[in-house]
Amino acid sequence: MNVRKAFFSFFSLVLMLGVMLPMAKADEEDQTTFLTFSKPVEIPGQTLPAGTYRFVLVNTETSLDTVQIFNADRTKLYATLNTVPASRTEPTGDTVISFAERSSGQPAAIKTWFYPGMTGGHEFIYGSREERKLAGDQKVVVTATSSGVVSGD
């Protein structure tokens, strides 16, 4: 009887994983990430007010370099942005965003976004004039989890 119970438990676990893993992969494929900002943040071409946003990769079959930013329920598209590949040496289990800290009351500008578990990320492309301004700004890295911001360097 114990062998039968163990087999049933093992089979149930395998079945659950078989159903759950494809769902997790769907989010990994387009790297859907929800980010909540307590203050306005700058992205190329505009400033997003404080709020929750959905960052999504566009058409992952042809390119991993185009990011769309929506409101949380995906009813409003704020931006479609080209990015360039960014890399880091060690992946983390959390979303990592780097900002350029701005002076004189300007909002922090998002520089890079890394999806959890990946060493490859996305560096946002700003215009040449804006890029020169950002180059002199201090870089701040923020790690976020589903429960909110957990650390900032």
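Presented here is an overview of the structure given in this document. (Residues numbered from 1 in each chain as written. Predicted model: local features only at pLDDT ≥ 70, side-chain atom pairs only at ≥ 80, totals over all residues. Heavy atoms only, no water.)

### Let's talk about the overall build of the protein chain
Right, so step 1: Within the protein chain one finds two helices and eleven strands.
Right, so step 2: When each of the 153 residues of the protein chain is scored for burial, the buried share is 33%.
Right, so step 3: Pairs at least 24 apart in sequence give 48% of the contacts found in the protein chain among residues at least 6 apart. (Helix = DSSP H or I, 4+ residues; strand = E, 2+ residues; numbered from the N terminus. Buried < 20%, exposed > 50% of the residue type's maximum accessible area, 1.4 Å probe, protein only. Contact = heavy atoms within 4.5 Å.)

### Concerning the packing of aromatic side chains
Right, so step 1: Inspection of every chain in the model, using the stated rule, returns five aromatic pairs.
Right, so step 2: Here the aromatic rings of Phe-37 and Tyr-53 are separated by 6.2 Å at their centres, their planes lie at 40°, and the arrangement is tilted. With Phe-37 in strand β1 (residues 33-37) and Tyr-53 in strand β4 (residues 51-57), this residue pair connects regions lying 16 residues apart in the sequence. The pair Phe-37 / Tyr-53 is uniform in exposure class, with both members buried.
Right, so step 3: Here Phe-55 and Phe-124 contribute two aromatic rings whose centre-to-centre distance is 6.5 Å and whose plane-to-plane angle is 85°, an arrangement assigned as edge-to-face. Of the two residues, Phe-55 is situated in strand β4 and Phe-124 in strand β9 (residues 120-124); the sequence distance between them amounts to 69 residues.
Right, so step 4: With a relative accessible area of 0%, Phe-55 lands in the buried category.
Right, so step 5: Three or more aromatic residues link up through ring pairs in this structure, and these residues are Phe-37, Tyr-53, Tyr-78 and Phe-99. (Phe/Tyr/Trp six-rings, centres within 6.5 Å; stacked < 30°, edge-to-face > 60°.)

### Examining the environment of Tyr-53
Right, so step 1: Relative accessible area serves as the criterion here: at 3%, Tyr-53 is assigned to the buried category.
Right, so step 2: In the structure, Tyr-53 is positioned 19 residues away from Phe-34 in sequence and 5.6 Å away in space, judged by C-alpha atoms.
Right, so step 3: In contact with Tyr-53, not counting residues within four places along its chain, are Thr-33, Phe-34, Leu-35, Phe-37, Leu-48, Ile-69, Phe-70, Asn-71, Ala-72 and Tyr-78.
Right, so step 4: Within the structure, Tyr-53 has its side chain in polar contact with the backbone oxygen of Pro-49 (distance 2.5 Å). (Polar contact = N/O pair within 3.5 Å; in protein donor to acceptor, adjacent residues only side chain to side chain.)

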